[in-house]
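Secondary and tertiary structure notes
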Amino acid sequence: MKHLTYADKSLLVGDEVADLLLQYSARLASSGVADTVEVHAISSDGDDVTATFLLGEGAPLMAETTTSSLPEPDNTDAVQHVTDGMSRLMPTAIESEMDPDTTALDDLYYERETE
């Protein structure tokens, strides 16, 4: 589970959907488009809620680990929506220039400086 923070609101969601939302938001922003995604979450009150996120450029989204032992809300539909959306978008410039085994931006920066 992760805390997913959007503006000043924090919700608990599963790791997979939190990570995918961040990736999708970055890809949408780099493409200059936006999308909405409905996610099942647990509110700060402990209630089951459905939150609709507007993702794209300027979307203040953050995921943070938690030690919660609550079961993850089912986000099969949200994961499918995000996965489908990402497959329709071009890879970001950084993703297309990076070696598949490289995950650090520092490595990409270093390669450019030494060329």
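An account of the accompanying structure is given in this report. (Residues numbered from 1 in each chain as written. Predicted model: local features only at pLDDT ≥ 70, side-chain atom pairs only at ≥ 80, totals over all residues. Heavy atoms only, no water.)

Some details on the overall build of the protein
- Secondary structure summary: the protein contains four helices and five strands in total.
- In the protein, the succession of helices and strands from N to C terminus is β-β-α-β-β-β-α-α-α.
- Burial statistics for the protein: of 115 residues in total, 35% are counted as buried.
- A separation of at least 24 residues holds for 63% of the contacts in the protein among residues at least 6 apart in sequence.
- When the accessible surface of the protein is split by element, carbon and sulfur atoms take 49% of a total near 7,400 Å². (Helix = DSSP H or I, 4+ residues; strand = E, 2+ residues; numbered from the N terminus. Buried < 20%, exposed > 50% of the residue type's maximum accessible area, 1.4 Å probe, protein only. Contact = heavy atoms within 4.5 Å. Areas by Shrake-Rupley, 256 points an atom, 1.4 Å probe, with all protein chains shown as cover.)

Thoughts on unusual backbone geometry
- In this structure, Ala 7 is a non-glycine residue whose phi angle is positive, near 60°.
- A relative accessible area of 53% means that Ala 7 is categorised as exposed.

A closer look at the pairing of strand β2 (residues 9-13)
- In the sheet, strand β1 (residues 2-6) pairs with β2 via five bridges, with the strands oriented antiparallel. Bridged to Leu 4 within β2 is Leu 11.
- The antiparallel pairing of β1 with β2 creates a hairpin that spans two residues between the two strands, and Ala 7 there sits at a positive phi of about 60°. (Pairing = 2+ DSSP bridges.)

Some remarks on helix α1 (residues 15-31)
- When the terminal C-alpha atoms of α1 are compared, their 24 Å separation across 17 residues agrees well with the 24 Å that a helix rising 1.5 Å per residue should span.
- Looking at α1, one finds that the buried residues are Val 17, Ala 18, Leu 20, Leu 21, Tyr 24, Ser 25, Arg 27 and Leu 28.
- Positive phi appears at Gly 32, one or two residues downstream of α1, with a value of about 75°. (Expected span 1.5 Å × (residues − 1).)

Concerning the pattern of salt bridges
- Under the counting rule described, the total for this entry stands at one salt bridge.
- In this structure, Lys 2 engages Asp 19 in a salt bridge whose closest nitrogen and oxygen atoms are separated by 2.6 Å. Here Lys 2, found in strand β1, pairs with Asp 19, found in helix α1; they are 17 residues apart in sequence, far enough to count as distant.
- Since its relative accessible area comes to 14%, Lys 2 is described here as buried.
- The exposure class of Asp 19 is partly exposed, given its relative accessible area of 31%. (Salt bridge = Lys/Arg side-chain N within 4 Å of Asp/Glu carboxyl O.)

Topic: the side chain of Ser 43
- Topologically, Ser 43 is positioned in the loop between β3 (35-42) and β4 (48-55).
- If we ignore the near neighbours within four places in the chain, the residues touching Ser 43 are Leu 11 and Val 49.

Quick word on the environment of Thr 67
- Structurally, the position occupied by Thr 67 is in the loop between β5 (61-65) and α2 (76-88).
- According to the relative accessible area criterion, Thr 67 is exposed, its value standing at 81%.
- Taking the C-alpha atoms as reference points, Thr 67 and His 3, separated by 64 residues in sequence, lie 9.9 Å from one another.

Thoughts on the packing of α1 against α2
- Relative to each other, α1 and α2 sit at 30°, their axes nearing to 10 Å. The orientation of α1 relative to α2 falls into the category roughly parallel. Remark: the crossing between α1 and α2 carries left-handed chirality. On α2, the residues touching Glu 16, Val 17, Leu 20, Leu 21, Gln 23, Tyr 24 and Arg 27 of α1 are Ala 78, Val 79, Val 82, Thr 83, Gly 85 and Met 86.
- Of the residues contributing to the contact of α1 with α2, the split by class is eight nonpolar, three polar and two charged. (Axes fitted to C-alpha atoms, helices over the stretch in contact; angles between N-to-C directions. Parallel < 35°, antiparallel > 145°, perpendicular 65-115°, else oblique. Left-handed = near helix turned anticlockwise from the far one by under 90°. Nonpolar A, V, L, I, M, F, W, Y, C, P; charged D, E, K, R; others polar.)

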